[in-house]
Amino acid sequence: MLIISSEISKPARYIGIETNSIVKNPKEVSIRFAICYPDIYEIGMSYYGYFLLYELANSIKDVWCERCFAPWYDMDQYLKNNDIPLFTLESKTPLNRMDIVGFSLTYELNITNVLNMLGLAHIPLLAQDRSNGPVIMGGGPLMLNPKPFEKFFDIIVIGEAEDTLVNLLNVYKGLKGSDKGTIIKEMAKLEGVYSPLIKKDMVKRIFIKDLDRSFHPIMPPVPVVGSIHNRLNIEVSRGCGNGCRFCLAGYGYRPYRERSFERVANIMDEGLRNTGYEEISLLSLSSGDYSALFQTISYIKSRYRGVSVSLPSLKIGSITENEIGIIGDIARTGFTFALESASADIRCRINKDIDVDLLFKQLSVLKEYGWRRLKLYLMIGFSWESQEDIESIREVIQIFSKSGMHINLAVSPFIPKPHTPFQWLPMDDEEAMRDKISKIKSALRKKDVKIKYRDIETSIIEAVISRGDERLWPLFEYIYTKGVKLEAWKEFFRPQMYREWFDINGIDLNSYLKGRGLDDMLPWRSEE
């Protein structure tokens, strides 16, 4: 029995008693699988992909999939001080006693959490040092360029993992009892899968062809500690047809696919019945492009009085005045628009095909139906950016301010991500970006707008990791030994440790930020 000290903050993070958590008899299953999210409970319990794989794996009769999250710093220290290996929530089984341990990677600054979780579980960090013990798998969006950290995994999945996870579990089941090397070798033969321990020239990204026939969770565990998105997540579409040239998600999840209204309605009915949620999030890279959006929202309004709707991402002009009115009756979460640039010229270059004038005209309609808050996303640091482009931000914001809407403006540095048409571009100079942010602050000082700036140093480290190569794996090992973890939380982010490693090893950090030639061999070219 696990006894958690009363000094541990939010101990409910670690006890696994949520409604819809799944407990099986370990004697009646042949595979024990831990699915790990390398951030704390509140973050992982908001991630749709995590629930998808958890429920999918547990739908297989002889598989028991359990959850594990990165512990907060106090629990981390408690485990170390008492020599308690990191464990699963459902059965409190140490990770090093599981058959398979899988990590879902969604953010660059969570790599050190993977190493810390392996260390807490008494599992060697490097795949080459693990001749026995659980198979360590990695998947998720970050695996579109796994080269900087691939050596920490036995198996890596490239692309959408639903069907592949089932195949991997079947391979393990058929070979259970064999030596670990044999199991890894057979797993690596699957399409979309490779092992850093076994040479494989090219790995094809896998994707689900028919969303209606694919698995969707309908009984997600309901958090006992408030998650950041405490609502029923329903994926209405996957991929994006807009082709914004900077967007890794838009290219990494191609092609665009939709779930039918009938399938979405069925998921909604079962999900609300199983969870009791009073808010629904319609997940999509561009919610307004979903062809059955109006029908879905009308269904919610007529069938589920009191249930509100969140639309995470809307393209300007993608919804009509009639749809705004329907949404206004059941949502008050604010409208979010990714404008990306105030400059029409830059929007054209990045293929952000939006009608800003139409948005200006719709402001009065939004107010009429009850909205008072509007969130805008802008990016800075494009190669063609001029002083006039920065100054145009003031003119655009002024139009929003005159409408009487409360404006929340989020400004982020542009990162040239792998697999996008902009992967060859350089990242803007650090001082140049700081100067641009200073000018934006000055221009909007007296405007009725709340501005949030993405930290530039954080963005630089994110860029280094996302554009990195196999030379970087010792970087993560080094900063892990320095106690670096939980870096997504600004109080724990230590960028000086990254710079220290680059200095010690005589590698120019900026070499990962510079532009690439069209004939250069890109680290991520082996993932297509």
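Below: a short report on this structure. Keep in mind that this is a model prediction, so the values were computed, not measured. (Residues numbered from 1 in each chain as written. Predicted model: local features only at pLDDT ≥ 70, side-chain atom pairs only at ≥ 80, totals over all residues. Heavy atoms only, no water.)

1. Considering the overall build of the protein chain
So, step 1. Counting its regular elements, the protein chain contains 17 helices and 15 strands.
So, step 2. Computed over its C-alpha atoms, the radius of gyration of the protein chain comes to 24 Å, within 12% of the 24 Å expected for a compact globule of 528 residues.
So, step 3. In terms of overall dimensions, the protein chain has C-alpha extents of about 65 × 60 × 50 Å along its principal axes.
So, step 4. Looking at the 528 residues of the protein chain, the share that counts as buried comes to 58%.
So, step 5. Across the protein chain, contacts joining residues at least 24 apart in sequence account for 77% of those joining residues at least 6 apart.
So, step 6. Split by element, the accessible area of the protein chain, about 22,300 Å² in all, is 49% carbon and sulfur. (Helix = DSSP H or I, 4+ residues; strand = E, 2+ residues; numbered from the N terminus. Rg over C-alpha atoms; globule rule 2.2 N^0.38 Å. Buried < 20%, exposed > 50% of the residue type's maximum accessible area, 1.4 Å probe, protein only. Contact = heavy atoms within 4.5 Å. Areas by Shrake-Rupley, 256 points an atom, 1.4 Å probe, with all protein chains shown as cover.)

2. A short note on the pattern of salt bridges
So, step 1. Under the definition given, this model contains 30 salt bridges.
So, step 2. The shortest N-O distance in the salt bridge between Glu340 and Lys352 comes to 3.8 Å. Here the residue Glu340 occupies a position in strand β12 (residues 335-340), and Lys352 occupies one in the loop between α11 (344-349) and α12 (356-368), the gap between them amounting to 12 residues.
So, step 3. Through salt bridges with shared partners, a single ionic network connects Glu160, Glu162, Glu235, Arg238, Arg257 and Arg259. (Salt bridge = Lys/Arg side-chain N within 4 Å of Asp/Glu carboxyl O.)

3. Brief notes about the sheet that holds strand β6 (residues 193-194)
So, step 1. Pairing is mixed across the open sheet formed by six strands, whose spatial order is β2-β1-β3-β4-β5-β6. Taken across any chain shown, the strands that pair with only one partner, and hence form the sheet edges, are β2 (63-69) and β6.
So, step 2. For strand β1 (residues 31-37) and strand β3 (residues 100-104), the ladder comprises four bridges, and the chain directions are parallel. From the neighbouring strand, Cys36 faces β3, where its bridge partner is Phe103.
So, step 3. In this fold helix α2 (residues 48-58) packs onto β1 and β2, with an angle of close to 155° to the strand it touches most, β2. (Pairing = 2+ DSSP bridges. Axes fitted to C-alpha atoms, helices over the stretch in contact; angles between N-to-C directions.)

4. Quick word on the packing of aromatic side chains
So, step 1. Within this structure, the stated rule accounts for 19 aromatic pairs.
So, step 2. Aromatic ring contacts, followed pair by pair, group Tyr37, Tyr41, Tyr47, Tyr50, Phe51 and Phe69 into a single cluster.
So, step 3. In this arrangement the basic side chain of Arg67 is found over the ring face of Tyr54, its NZ or CZ atom lying 5.5 Å from the centre. (Phe/Tyr/Trp six-rings, centres within 6.5 Å; stacked < 30°, edge-to-face > 60°. Lys NZ or Arg CZ within 6 Å of the ring centre and 35° of its normal.)

5. Some points on the side chain of Glu487
So, step 1. Inspection of the secondary structure puts Glu487 in the loop between α16 (473-481) and α17 (495-504).
So, step 2. We note that Glu487 is buried and unpaired, the nearest opposite charge coming from Arg494 at a distance of 7.9 Å.
So, step 3. Here Tyr498 takes part through its side chain, which lies 2.8 Å from a polar atom of the side chain of Glu487. (Lys, Arg positive; Asp, Glu negative; His and termini not counted. Polar contact = N/O pair within 3.5 Å; in protein donor to acceptor, adjacent residues only side chain to side chain.)

6. A word on helix α4 (residues 111-120)
So, step 1. Counting buried residues along α4, nine of its 10 residues qualify, which places the element largely inside the surrounding structure.
So, step 2. Three or more residues of α4 are buried, namely Ile111, Thr112, Asn113, Val114, Leu115, Asn116, Met117, Leu118 and Leu120.
So, step 3. Directly beyond the C-terminal end of α4, a positive phi value near 60° is found at His122.

7. What to know about a nonpolar patch on the surface
So, step 1. On the surface, a cluster of nonpolar side chains totalling about 240 Å² of accessible area is made up of Ile15, Ile17 and Val224.
So, step 2. You can see Ile15 is positioned in the segment before β1. (Patch = residues over 30% accessible without salt bridge, like charges linked within 9 Å, V, L, I, M, F, W, Y side chains within 5 Å.)

8. Considering helix α13 (residues 387-402)
So, step 1. Between the first and last C-alpha of α13 there are 24 Å, a value that for 16 residues agrees with the 22 Å anticipated at 1.5 Å per step.
So, step 2. Restricting attention to buried positions, one finds in α13 the residues Asp389, Ile390, Ser392, Ile393, Val396, Ile397, Phe400 and Ser401.
So, step 3. Once α13 ends, the next one or two residues include Gly404, with phi positive near 85°. (Expected span 1.5 Å × (residues − 1).)

9. Details of unusual backbone geometry
So, step 1. Omega for the bond connecting Arg254 with Pro255 falls within 30 degrees of zero, at 0°, which places this linkage in the cis form.
So, step 2. As for its position among the elements, Pro255 is in the loop between α7 (248-252) and β9 (257-258).
So, step 3. Even without glycine at this site, Asn20 takes up a positive phi of about 80°.
So, step 4. Tracing the backbone shows Asn20 in the segment before β1.
So, step 5. By relative accessible area, Asn20 is classed as buried at 13%.
So, step 6. A positive phi angle, close to 70°, is found at Glu340, a residue other than glycine.

10. Focus on a positive patch on the surface
So, step 1. On the surface, Lys375, Lys450, Lys452 and Lys490 cluster together into a positively charged patch.
So, step 2. In this fold, Lys450 is placed in strand β15 (residues 449-453). (Charge placed at Lys NZ, Arg CZ, Asp CG, Glu CD.)

11. Some words on the pairing of β2
So, step 1. Across the seven residues of β2, seven count as buried, placing the element largely inside the fold.
So, step 2. Pairing analysis gives seven bridges linking β1 to β2, with the strands arranged parallel. Of the residues in β2, the one forming a bridge with Ile35 is Arg67.

12. Remarks on the sheet that holds β15
So, step 1. Taken in spatial order, the four strands make up an open sheet running β12-β13-β14-β15, and their pairing is parallel. Single-partner strands in this sheet number two, and they are β12 and β15. Sheet twist, expressed as the average angle between the axes of neighbouring strands with direction ignored, equals 20°.
So, step 2. With respect to the sheet, helix α14 (residues 430-443) is in contact with β13 (373-380), β14 (406-413) and β15, its orientation differing from that of β13 by roughly 150°.

13. As for the pairing of strand β7 (residues 232-235)
So, step 1. Alternating residues of β7 divide into Leu232 and Ile234 and Asn233 and Glu235, and every residue in both groups is buried.
So, step 2. Direction of pairing for β7 relative to strand β10 (residues 279-283): parallel, over a ladder of four bridges. By the bridge assignment for β10, Asn233 is matched with Ser281.

14. Let's talk about the nonpolar core
So, step 1. Counting 159 residues, the largest nonpolar core has Phe33, Phe149, Phe153 and Leu374 as its most contacted members.
So, step 2. Among residues more than four places away in sequence, those in contact with Phe33 are Ala57, Val63, Trp64, Cys65, Glu66, Met98, Ile100, Gly102, Met137, Leu165 and Leu169.
So, step 3. Of all hydrophobic cores here, the second largest spans nine residues; its members include Phe246, Ile346, Phe414 and Leu425. (Core = buried A, V, L, I, M, F, W, Y, C linked by side-chain atoms within 4.5 Å.)

So far we have only geometry, and geometry alone does not tell us how the molecule works.
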